[in-house]
Amino acid sequence: MDTKHLPSNLRDDMISEETKSLISSLPSHTDAQGGKICKYQGCWYHYNTLQGVLNFQRGFQPQDTDIILASYPKSGTTWLKALTVALCDRSNNHSSYDHHPLLSVNPHGIVPFLELNIYHESSSPDLAKFSSVPRLFATHMPLHAMHETIKDSPCKIVYICRNVKDTLISWWFFKCAVYKTELNRSSLESIFKSFCNGTFSYGPFWEHLLSYWRGSLEDPKRVLFMKYEEMKEKPHDQIKRLADFLGCPFTKEEVKNGLVNEILDLCSLRNLSGLEINKTGKINNIDHKVFFRKGEVGDWKNYLTPEMENQIDTIIQEKLQGSGLKF
Ligand code: PAP
């Protein structure tokens with residue numbers, strides 16, 4: 001398969017000899033799109049992504065004020081990045097947000113992924129350019145993959161999760177756009193199958209969720225667990241919760257002046273998807289516009305059969321049983 005048009009993290013052409021040797025000892029699999037994945041520390045990664053994970057684990061030195069935005073892909077990452085940027089950037093006083101960085105740069109260009117961008121492009125990146133405080137990073141790694149690297153640091157982690165069925169449908173649209181394959185029953189069924197087996201990028205999904213869920217219960221001051229659906233339902237409450245956790249709560253004055261609404265509007269799907277940069281730009285071979293679709297809760301109902309619904313509900317119920325985490 002010609003993979004040049006794919007995002008580089010989905011390929012297998014940037015791995016060291018050492019990583020090749022490691023991969024040969026790991027469980028491996030070919031995913032629904034023909035990409036090679038392997039299971040490392042309980043999580044499935046594309047080969048190049050694994051190289052980014054290993055580079056991160058060996059080289060990242062957290063600062064106490066760092067903020068890491070974490071998610072399973074297609075769970076609201078872009079939204080969380082935009083909101084966090086807007087919250088942390090308040091001190092820069094962009095009057096009425098006319099010249100805000102989010103108007104000219106895609107959120108993924110402002111908050112890079114540790115293993116997919118920074119430590120994927122180089123095994124020893126120069127982080128000096130991240131001079132603002134706090135430094136904002138993102139990841140799709142499960143929490144346990146970061147544990148050793150950040151365990152002695154008080155840096156904060158925000159995790160956003162989303163109903164598994166909407167995440168799956170969002171993945172399907174995204175994968176078909178990236179791999180330029182048809183959106184048909186056959187592509188949906190093969191993605192569904194790997195998703196349910198857990199043999200999917202960053203899967204199993206439930207292990208990902210549980211790693212952050214448990215982390216948030218063990219140390220709620222360090223790990224904030226957010227849900228996409230709650231963000232949609234009560235955006236004001238949730239953005240205040242996020243601001244409190246990040247240590248930059250809204251002042252009474254800011255609330256009175258309508259800043260909460262202003263940030264929510266700035267970061268809304270409608271606003272971001274309508275910006276020129278997000279209509280025409282690209283990052284890592286992916287058109288920015290692919291990150292913005294419907295953003296609806298329950299869109300899965302338009303695509304999954306009742307059998308698929310039952311099957312996935314049963315799996316998630318069984319896997320999350322006893323954890324206290326519910327959707
Ligand atoms: P990523 O993991 O590849 O970065 P991510 O941003 O997590 O993707 O997920 C994309 C989903 O978030 C899309 O959902 P959908 O396919 O169900 O529509 C996208 O529409 C939605 N999304 C992107 N930006 C926003 C936003 N500002 N507000 C709400 N939802 C958003």
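The text that follows walks through the structure, step by step, so that each part is easy to find. (Residues numbered from 1 in each chain as written. Predicted model: local features only at pLDDT ≥ 70, side-chain atom pairs only at ≥ 80, totals over all residues. Heavy atoms only, no water.)

**With respect to the site of the ligand**
Piece 1. Taken together, 21 residues form the shell around the ligand, and within it Thr77, Thr78, Ser170, Lys294 and Gly295 come nearest.
Piece 2. Contact between the ligand and Tyr228: a nitrogen atom at 2.7 Å from a side-chain N or O atom of the residue.
Piece 3. Within the complex, 97% of the 640 Å² of free accessible area of the ligand lies under protein.
Piece 4. Examining the composition of the shell around the ligand, we find that three residues originate from one element, helix H3 (residues 77-88), more than from any other.
Piece 5. A class-by-class count of the residues in the shell around the ligand yields eight nonpolar, nine polar and four charged. (Near = heavy atom within 4 Å. Polar contact = N/O pair within 3.5 Å; in protein donor to acceptor, adjacent residues only side chain to side chain. Areas by Shrake-Rupley, 256 points an atom, 1.4 Å probe, with all protein chains shown as cover. Helix = DSSP H or I, 4+ residues; strand = E, 2+ residues; numbered from the N terminus. Nonpolar A, V, L, I, M, F, W, Y, C, P; charged D, E, K, R; others polar.)

**Brief notes about the pairing of strand S6 (residues 156-161)**
Piece 1. The buried count for S6 comes to five of six residues, which makes it a mostly enclosed element.
Piece 2. Across five bridges, S6 lies against strand S7 (residues 223-227) in parallel orientation. Among the inter-strand pairings, Ile160 is bridged to a residue of S7, identified as Met226. (Buried < 20%, exposed > 50% of the residue type's maximum accessible area, 1.4 Å probe, protein only. Pairing = 2+ DSSP bridges.)

**With respect to the sheet that holds S7**
Piece 1. One open sheet accounts for four strands, arranged S5-S4-S6-S7; its pairing is parallel. Both outer strands of the open sheet, strand S5 (136-139) and S7, are each paired with one neighbouring strand and no more. Strand after strand, the sheet turns through a mean of 20° between neighbouring axes, direction not considered.
Piece 2. As paired strands, strand S4 (residues 67-71) and S6 are joined by five bridges and run parallel to one another. Pairing of Ala70 across the sheet is with Tyr159, part of S6.
Piece 3. In this fold helix H6 (residues 143-150) packs onto S4, S5, S6 and S7, with an angle of close to 175° to the strand it touches most, S6.
Piece 4. In the packing of helix H11 (residues 235-246) onto the sheet, the strands contacted are S4, S6 and S7, and the crossing angle to S7 comes to about 170°. (Axes fitted to C-alpha atoms, helices over the stretch in contact; angles between N-to-C directions. Contact = heavy atoms within 4.5 Å.)

**A short note on the packing of H3 against helix H13 (residues 259-266)**
Piece 1. Relative to each other, H3 and H13 sit at 140°, their axes nearing to 9 Å. Relative to H13, H3 is oriented oblique. As for how H3 packs across H13, the hand of that crossing is right-handed. Residues Leu83, Ala86 and Leu87 of H3 pack against Ile263, Leu264 and Leu266 of H13.
Piece 2. Counted by class, the contact of H3 with H13 contains six nonpolar, no polar and no charged residues. (Parallel < 35°, antiparallel > 145°, perpendicular 65-115°, else oblique. Left-handed = near helix turned anticlockwise from the far one by under 90°.)

**Some thoughts on the pairing of S4**
Piece 1. Across the five residues that make up S4, a large majority, five, are buried.
Piece 2. Side chains of S4 alternate between two faces, with Ile67, Leu69 and Ser71 and Ile68 and Ala70 buried alike.
Piece 3. Note: S4 against S5, four bridges, orientation parallel. In the sheet register, Leu69 faces S5, and the bridge partner there is Ala138.

**Describing the sheet that holds strand S3 (residues 43-46)**
Piece 1. Taken together, the three strands give an open sheet; going across it, the order is S1-S2-S3, and neighbouring strands pair in antiparallel fashion. A strand with exactly one partner marks an edge of an open sheet, and here the two such strands are strand S1 (28-30) and S3. Strand after strand, the sheet turns through a mean of 30° between neighbouring axes, direction not considered.

**Regarding the side chain of Thr167**
Piece 1. As for its placement among the helices and strands, Thr167 is situated in helix H7 (residues 164-179).
Piece 2. Residue classification places Thr167 among the buried residues on the basis of a relative accessible area of 0%.
Piece 3. With residues up to four places along the chain from it excluded, the contact list for Thr167 reads Tyr72, Pro73, Lys74, Ser75, Arg162, Phe195 and Phe205.

**Here's the deal with the pattern of salt bridges**
Piece 1. One pass over the full model with this rule turns up 10 salt bridges.
Piece 2. Salt-bridge contacts for Glu254 lead to Arg90; the nearest nitrogen and oxygen are separated by 2.8 Å. You can see Glu254 sitting in helix H12 (residues 252-256) and its partner Arg90 sitting in the loop between H3 and helix H4 (107-110), a full 164 residues away along the chain. Residue Glu254 shares its accessibility class with Arg90, and that shared class is buried.
Piece 3. With its nearest N and O atoms 3.1 Å apart, the salt bridge here joins Glu148 to Lys151.
Piece 4. Residue classification places Glu148 among the exposed residues on the basis of a relative accessible area of 55%. (Salt bridge = Lys/Arg side-chain N within 4 Å of Asp/Glu carboxyl O.)

**What to know about the state of the cysteines**
Piece 1. On inspection of all chains with the given rule, the structure shows zero disulfides.
Piece 2. Sulfur of Cys43: no disulfide; nearest cysteine sulfur belongs to Cys38 and is 9.6 Å away.
Piece 3. The thiol sulfur of Cys196 is not disulfide-bonded, and the nearest other cysteine sulfur, from Cys176, lies at 16 Å. (Disulfide = S-S within 2.5 Å.)

**Concerning the packing of H11 against H13**
Piece 1. Following both chains from N to C, one finds H11 and H13 inclined at 95°, their axes separated by 10 Å at the closest point. Between H11 and H13, the angle falls in the class roughly perpendicular. Note on element contacts: H13 touches H11 through Val260, Asn261, Ile263 and Leu264, opposite Pro235, His236, Ile239 and Lys240.
Piece 2. Within the contact of H11 with H13, the residues separate by chemical class into five nonpolar, two polar and one charged.

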